[in-house]
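This is what each chain is made of:
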Amino acid sequence: MKHLIDPMDLTVEEIDHLLVLADDIMLHKEKYQEVCRHKKLATLFFEPSTRTRLSFEAAMMELGGNVLGFSSAGSSSATKGESVSDTVRVVSGYADIIAMRHPKEGAPFVAAQKVDVPIINAGDGGHNHPTQTLTDLMTIHREKGRLSDITIGMCGDLKFGRTVHSLIKAMSRYENVRFVMISPIELRLPEYIIKDVFEKKNIAYKEVRTMEEVMPELDILYMTRVQKERFFNEADYVRLKDSFILDEKKLKTAKKDLCIMHPLPRVNEISTKVDDDPRACYFKQAMYGKYVRMALIMTLLGVSANEN
Ligand code: CP
């Protein structure tokens, strides 16, 4: 593994290794606090972010390394017309590893063709978000103790939600995973994912229009925000934005050990009253993201724990 552009760049064995390493980092922070000394991570964020950028930066700092970068296209020379390729070629002379978010699908892939330092896709348009997928897999593994034999409901904006697209691809490789897609018809999962993943691999899935009708069967409920920034038409966004709001009443029929996830940010789709429910895992999920990104940075840089 040299770059991480698509969740399928990782084998199941590589994912296992990253999750084991992330767990060990959580438990034994002292073994890892100097392993990236003198290494630099550049975070090139052409789109807004709180969790992904800051967890990457915290991850590198906790490994003893340094960070540099920008948090918006507007504060970079992209505003002067510089191409992504030129930007990463230049930054590869300043940093040992680059995490990049860009609104255009495929931009991190293009960047990875140009440089020798590892490129990590930190989200490209409505396409993929592989480090969110690692975060999600770590959460499912820690909360449920397994990645197979699971019924996962994905609810909200399944059309534009890159976290959903990436997680479906990754989870499709585990045994006996059933997918329940909960969305308005306008925001249903793209046909190419239904064909290339569910139908090609003969994976059990169904599409429904309400969460109530499937709540009792779910082991995981993965809520998502309606992606305002991907809409062409404000009126459509306003009409669809509150299609699903999870509240205490809707959880009455849910399993006692349901795991409620959300990649965050949340807008209205989970009532804040749900936050105190022991089944709400989304803030833990955001925290796991830092540890799995520490594991990924170490693996891509080829550094290992200090066992002394
Ligand atoms: N989950 C996620 O990608 O959050 P940010 O947009 O805040 O990075």
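Structure's up top.
All figures in this text were calculated on a predicted structure; none of them were measured in a lab.

Draft legend 1. Structural view of the site of the ligand. For the ligand, the full set of nearby residues is Ser49, Thr50, Arg51, Thr52, Arg101, His129, Gln132, Pro263 and Leu264. Within the backbone of leucine 264, a nitrogen or oxygen atom sits 3.0 Å from a nitrogen atom of the ligand. Within the complex, the protein chains bury 91% of what would otherwise be the 260 Å² of accessible surface of the ligand. A per-class count over the shell around the ligand returns 2 nonpolar, 5 polar and 2 charged.

Draft legend 2. Just the sheet that holds strand S9 (residues 259-261), in detail. Pairing is parallel in the open sheet, where 5 strands are placed in the order S7-S6-S5-S8-S9. Each of the sheet's edge strands pairs with one partner strand only, and the pair in question is strand S7 (205-208) and S9. Pairs of neighbouring strands in the sheet enclose a mean axial angle of 15°, with direction left out of account. Running over the sheet, helix H7 (residues 191-199) touches strand S6 (177-182) and S7 and is turned about 150° from S7.

Draft legend 3. Local environment of unusual backbone geometry. Proline 265 follows leucine 264 through a cis peptide bond whose omega is 10°. Here the phi dihedral of histidine 38 falls at roughly 70°; this positive angle occurs in a residue that is not glycine. For histidine 38, the position within the fold is in the loop between helix H1 (12-27) and strand S1 (40-45).

Draft legend 4. Representation of a nonpolar patch on the surface in the model. Taken together, the side chains of Leu68, Val90 and Tyr94 define a hydrophobic patch exposed on the protein surface, amounting to about 260 Å² of accessible area. With respect to the helices and strands, the residue leucine 68 is situated in strand S2 (residues 66-70).

So, how was this worked out
Residues numbered from 1 in each chain as written. Predicted model: local features only at pLDDT ≥ 70, side-chain atom pairs only at ≥ 80, totals over all residues. Heavy atoms only, no water. Near = heavy atom within 4 Å. Polar contact = N/O pair within 3.5 Å; in protein donor to acceptor, adjacent residues only side chain to side chain. Areas by Shrake-Rupley, 256 points an atom, 1.4 Å probe, with all protein chains shown as cover. Nonpolar A, V, L, I, M, F, W, Y, C, P; charged D, E, K, R; others polar. Pairing = 2+ DSSP bridges. Helix = DSSP H or I, 4+ residues; strand = E, 2+ residues; numbered from the N terminus. Axes fitted to C-alpha atoms, helices over the stretch in contact; angles between N-to-C directions. Contact = heavy atoms within 4.5 Å. Patch = residues over 30% accessible without salt bridge, like charges linked within 9 Å, V, L, I, M, F, W, Y side chains within 5 Å. Salt bridge = Lys/Arg side-chain N within 4 Å of Asp/Glu carboxyl O.

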